[in-house]
Amino acid sequence: MSLTLEVLVVGGGIAGMNYAVQLADKAGGRKLRIRILSKATVHESSSFHAQGGVAAAMCAEDPFEDHVRDTLAVGEGRNDADVVRLVVKEGPAVIRGLIGLGAHFDRDRGGALHLAREGGHRAARVVHHRDRTGEEIVRVLQQRVRDIPVIGTVMDQRVIELLTEGEGAYRRCIGVRAVDLRTGDVVEHFAHVVILATGGAGRLFEHTTNPAGATGDGVAMGIRAGALTRDMAFVQFHPTALFTGVPGTVGLVSEAVRGAGARLIGITGRPVMAGVHPMGDLAPRHIVARAIHREMVRTGARYVHLDAGPIGIERFCAEFPGIAALCRDTGLLPGRDLLPVMPAAHYLCGGLRTDSHGRTSIPGLYALGECACSGLHGADRLASNSLLEALVIPRRAAETTWETRAPAAAPASQVIARDRLAKRPVEIVGRATAALTHAMTMHVGIVRKTEGLESALRVINCIERQVLPIWHRRRWSPALMDLRDLLVVARSVTEAALHEPVSVGTHFLEEPEPYDRPMAHIPGGSIN
């Protein structure tokens, strides 16, 4: 009698849900159970808040070879060219598949898909649903997940560790250890295949477009388990986050706004991108972010302006309703008012090393989406290629999952400890997290210096010595779980940056640093 294939998906965003749907659709009568473990609702994910769209060569005037060329150019040759061609070539098919599932994408008056242009693209090729593309794709996939009986979603599960067995070539992933955030119980979930689709790590920095859950947990778990990583030095900063002056998650002003005609100007009225790059305001993101950074340093301002006047109030509100609402909340009317914008941490281009089917270096463990690195992005990600990857690679992963031969029935989930959540957060954790994000922002951000990277490592070492003993006392708060994972990813990013001797893509070395503020949160090298 055939065994039921047990699959765990950690993360309920677009990559995770897409994989689950694809796997179930390919079951062909075979026995299958998929459990999606999620620490928060999908509405709190980066997937849901993705504004721009899906990059795909959808018309004859834009052959897929041009999309490949743009991807390689923005990635500055650090991409895996075979993966780039594979993913880009499958783009039109995944768009048609989403439309077949009921996704609504914007169309022009003739009924053809309306294609937007974003940074690094030499043609308009971004398929979108106004400025809420992620929300629309989530809607479609979420409905499919609900309609498929073999897929179940378990909420409030904070996965903290991968479970493995065997040694050497026989070692494989067999499940995960999670904390139930409702009860505080530690639960071990077992499976034949584990899929990490946990998103990025934008919370490493003081300002990020990512939601609160972007703490790098999937990457950190993989590193602790011994999985190989790739391209961890490359962290993309989106050039145009709405400036608020408050640390944490900031609202994003999509690159499509500049594609529609908006322009960046400094507070003195000087065009930011004048003479910087032939593509001007639609240059690759690392180039625009650095140009804004230089302008901010030159003028002492904390932001530059985005002038949406060329778009106009009426058109802006029609094409970018979400961004217009975001601006209204801060008292701004796009098209009339200049929008204060600044770069903010946006996307981790590196991650757990995978092949073109999402397989990591540990048998039984896959990684998909932002926590993975298939080689598609290289040293910087071409705008709107992330949703494309989250639609193409999971489909390929689903195909190879059915090649898995379940050696035995997976054990049932079991509670191994009761009530591990701390009743109150330890005060030092908050201070340590602030110290970490400050060090990463200062020294491992848009502009880097070897001395600064070494300083960031010293901060990471200091925090580890003072905070990790708290973990071993086994009274855990969500903030402590987040910090533990952020430390692992921070170390990986910083050490990878130290091993990149020349500037490439998002990794830019400058001597001396453009400014040198004291490490405000770490007097005397301590967080006490």
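Everything here concerns the structure above.
Since the structure is predicted, the reported quantities are computational estimates derived from the model, not experimental observations.

1. Looking at the overall build of the protein
For step 1, the next point in the chain: When you go through the protein residue by residue, the secondary structure sums to 14 helices and 21 strands.
For step 2, the next point in the chain: What you see for the protein is a C-alpha radius of gyration of 22 Å, in line with the 24 Å of a compact globule of 528 residues.
For step 3, the next point in the chain: In terms of overall dimensions, the protein has C-alpha extents of about 70 × 65 × 40 Å along its principal axes.
For step 4, the next point in the chain: In the protein, which comprises 528 residues, the proportion classed as buried is 59%.
For step 5, the next point in the chain: Taking the intrachain contacts of the protein between residues at least 6 apart in sequence as the baseline, contacts between residues at least 24 apart amount to 76%.

2. A short note on helix α11 (residues 385-401)
For step 1, the next point in the chain: Its 17 residues give α11 an end-to-end C-alpha distance of 24 Å, which sits within 8% of 24 Å, the value for a rise of 1.5 Å per residue.
For step 2, the next point in the chain: Burial of α11 is extensive: 15 of the 17 residues sit out of reach of the surface.

3. Comments concerning the packing of aromatic side chains
For step 1, the next point in the chain: Inspection of every chain in the model, using the stated rule, returns four aromatic pairs.
For step 2, the next point in the chain: Here the aromatic rings of Phe243 and Tyr303 are separated by 4.9 Å at their centres, their planes lie at 40 degrees, and the arrangement is tilted. Taken together, the residues Phe243 in the loop between β13 (235-242) and β14 (248-249) and Tyr303 in the loop between α8 (285-299) and β16 (304-307) connect sequence positions 60 residues apart.
For step 3, the next point in the chain: Note on Trp471 and Trp476: the rings are 4.3 Å apart at their centroids and 15 degrees apart in plane angle, and the pair reads as stacked. Of the two residues, Trp471 and Trp476, both sit in the buried class.
For step 4, the next point in the chain: If you follow Arg30 out to its NZ or CZ, it ends over the ring of Trp402, 4.1 Å from the centre.

4. Observations concerning the pattern of salt bridges
For step 1, the next point in the chain: Evaluated as defined, the whole model comprises 35 salt bridges.
For step 2, the next point in the chain: Salt-bridge contacts for Asp156 lead to Arg182; the nearest nitrogen and oxygen are separated by 3.9 Å. Here Arg182 lies in the loop between β8 (172-180) and β9 (186-190) and Asp156 lies in the loop between β6 (151-154) and β7 (157-165), a separation of 26 residues in the sequence.
For step 3, the next point in the chain: Between Glu161 and Arg484 there is a salt bridge, with the nearest N and O atoms lying 2.7 Å from each other. With a gap of 323 residues between them, Glu161 in strand β7 and Arg484 in helix α14 (residues 478-498) connect regions that are remote in the sequence. Here Glu161 matches Arg484 in class, with each residue buried.
For step 4, the next point in the chain: In this structure, a network of salt bridges that share partners links the residues Lys39, Arg158, Glu161, Asp217, Arg224, Asp482, Arg484 and Asp485.

5. Digging into the sheet that holds strand β21 (residues 414-417)
For step 1, the next point in the chain: Overall, antiparallel pairing links the four strands, which are arranged β7-β8-β9-β21 in an open sheet. Looking at the sheet topology across the chains shown, the edges are occupied by β7 and β21. When strand polarity is set aside, the average angle formed by the axes of neighbouring strands in this sheet is 30 degrees.
For step 2, the next point in the chain: Two strands pair when backbone bridges link them, and β7 and β8 are joined in this way by eight bridges, in the antiparallel orientation. The partner of Leu163 across the bridge, within β8, is Gly175.
For step 3, the next point in the chain: Each of β7 and β8 is contacted by α14, which is oriented at about 50 degrees to β7, the strand it contacts most.

6. Observations concerning the sheet that holds strand β18 (residues 351-353)
For step 1, the next point in the chain: Taken in spatial order, the three strands make up an open sheet running β12-β18-β20, and their pairing is mixed. A strand with exactly one partner marks an edge of an open sheet, and here the two such strands are β12 (229-230) and β20 (372-373).
For step 2, the next point in the chain: By the bridge criterion, two bridges tie β18 to β20 in an arrangement that is parallel. Bridge pairing links Arg353 to Cys373 in β20.
For step 3, the next point in the chain: Across the sheet, helix α6 (residues 217-224) lies against β12 and β18, angled at about 45 degrees from β18, the strand it touches most.

7. Considering the environment of Arg475
For step 1, the next point in the chain: Here Arg475 is to be found in the loop between α13 (450-472) and α14.
For step 2, the next point in the chain: Distance in space between the C-alpha atoms of Arg475 and Leu421 is 5.6 Å, their sequence separation being 54 residues.
For step 3, the next point in the chain: If we skip the residues at most four places from it in the chain, Arg475 touches Asp419, Arg420, Leu421, Ala422, Lys423 and Leu480.

8. Some thoughts on the side chain of Ser356
For step 1, the next point in the chain: The topology assignment puts Ser356 in the loop between β18 and β19 (365-367).
For step 2, the next point in the chain: Leaving out residues up to four positions away in the same chain, Ser356 has contacts with Val83, Leu86, Ile393 and Arg396.

9. Focus: the packing of α6 against α14
For step 1, the next point in the chain: Interhelical geometry of α6 versus α14 gives an angle of 75 degrees and a closest axis separation of 8 Å. Relative to α14, the element α6 lies roughly perpendicular. Contact residues: α6 offers Asp217, Val219, Ala220, Ile223 and Arg224, while α14 offers Arg484, Asp485, Val488, Val489 and Ser492.
For step 2, the next point in the chain: Among the residues forming the contact of α6 with α14, the class breakdown is five nonpolar, one polar and four charged.

Reading the values: rules and limits
- Residues numbered from 1 in each chain as written.
- Predicted model: local features only at pLDDT ≥ 70, side-chain atom pairs only at ≥ 80, totals over all residues.
- Heavy atoms only, no water.
- Helix = DSSP H or I, 4+ residues; strand = E, 2+ residues; numbered from the N terminus.
- Rg over C-alpha atoms; globule rule 2.2 N^0.38 Å.
- Buried < 20%, exposed > 50% of the residue type's maximum accessible area, 1.4 Å probe, protein only.
- Contact = heavy atoms within 4.5 Å.
- Expected span 1.5 Å × (residues − 1).
- Phe/Tyr/Trp six-rings, centres within 6.5 Å; stacked < 30°, edge-to-face > 60°.
- Lys NZ or Arg CZ within 6 Å of the ring centre and 35° of its normal.
- Salt bridge = Lys/Arg side-chain N within 4 Å of Asp/Glu carboxyl O.
- Pairing = 2+ DSSP bridges.
- Axes fitted to C-alpha atoms, helices over the stretch in contact; angles between N-to-C directions.
- Parallel < 35°, antiparallel > 145°, perpendicular 65-115°, else oblique.
- Nonpolar A, V, L, I, M, F, W, Y, C, P; charged D, E, K, R; others polar.

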